[in-house]
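Here is how the chains run, residue by residue.
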Amino acid sequence: RLSAPTDMPGAAAVEWSWERLISEVRRMCPASAWTSISPQFYLSFWASSLPTLSVPTDKYASEKDKLQAGIVAINRVMANPQSHGMDQQQLKAKKTERDRLVEIRTRLEKAEQAHVEEERTARQRLVREKGLWFSDTWLSADNGEPNRVVTMEMVVQHCVLPRALFSPVDAAF
């Protein structure tokens, strides 16, 4: 179940079940769309995002490396403060800066772990749901073979094109 936010003025708590969402989604597109794609596919498509389905491990590694380099540089200075002409106040400031970088690196590592877990969960959900996305009713009348052209047209018309026009972030998805 999903709950609507209750901290907005005048907002009442609303319980949404998956079945209710599917029912609401059925009204959003013409009936002809649902002969090719399912409301489950439509919901999964619109609920997914690039950050949910892709962890930028290279970017995480790059940022962690930059933070680590800063920590190492500060540690070198702190190991021999006299050679750098540092007094106690400057040494204390360096320690504070090092602690800040360590904290940022720790938070970044936790964020990366959470992102990896979110991606894993999303992919598992998609694998579980994929059997519901396209129904057996989208067979062509001629030979009983799947009418892939109509299905692709429905996906482009009701999913890809609107999402590409919605925002640059959605267009990248």
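The structure we're discussing is the one just above.
Right, let's walk through the structure included here. This one's a predicted model, so the numbers in the text were calculated from it and none came from an experiment.

Scanning the protein chain for helices and strands turns up seven helices and two strands. Across the 173 residues that make up the protein chain, the buried fraction comes to 28%. Restricting to contacts in the protein chain with at least 6 residues of sequence separation, those with at least 24 account for 61%. Surface summary for the protein chain: the accessible area is close to 11900 Å², and the carbon and sulfur share equals 58%.

This next bit is on helix H2 (residues 39-47). With seven of its nine residues buried, H2 lies for the most part within the structure. Buried within H2 we find Pro39, Gln40, Phe41, Tyr42, Leu43, Ser44 and Phe45. Buried residues belonging to H2 abut helix H1 (18-26), helix H5 (88-129) and helix H6 (148-166).

All chains considered together, the criterion is met by six aromatic pairs. Considering the side-chain rings of Phe41 and Trp133, the 5.5 Å spacing of their centres and the 70° angle between planes classify their relative orientation as edge-to-face. In this pair, Phe41 sits in helix H2 while Trp133 sits in the loop between H5 and H6, placing the two residues 92 residues apart along the sequence. Summarising the burial analysis for this pair, Phe41 and Trp133 share the class buried. Summarising the aromatic geometry, the rings of Tyr42 and Trp46 are spaced 6.4 Å apart at their centres and angled 45° between planes, so their arrangement reads as tilted. Of this pair, Tyr42 and Trp46 both sit in helix H2, four residues apart, roughly one helical turn. Among the residues examined, Trp46 registers a relative accessible area of 29% and is labelled partly exposed. Ring-pair connections join several aromatic residues into one group, and the members of that group are Trp34, Phe41, Tyr42, Phe45, Trp46, Trp133 and Phe166.

Thresholds, definitions, all that
Position numbers for residues count from 1 along each chain, tracking the sequence in the order it is written. Selection of residues for local features in this predicted model requires a pLDDT of at least 70, selection of side-chain atom pairs for listing and counting requires 80 or more, and totals for whole chains, interfaces and linings are taken over all residues. For the side-chain quantities, the full set of heavy atoms in the structure was used; hydrogens and water were omitted. Each helix corresponds to a stretch of at least 4 residues labelled H or I by DSSP, and each strand to a stretch of at least 2 residues labelled E; elements are numbered beginning at the N terminus. A simple rule labels every residue: compare its accessible area, found with a 1.4 Å probe on the protein chains alone, to the largest value its type can have, and call it buried under 20%, exposed over 50%, or partly exposed in between. Note on contacts: a residue pair is in contact if any heavy atoms of the two residues lie within 4.5 Å. Here, Shrake-Rupley sampling with a 1.4 Å probe gives the accessible areas, and only protein chains in the shown set may cover a residue. Stacked, tilted and edge-to-face pairs are distinguished by plane angle, under 30 degrees for stacked and over 60 for edge-to-face with tilted covering the rest, among Phe, Tyr and Trp rings (Trp via its six-membered ring) whose centres lie within 6.5 Å.

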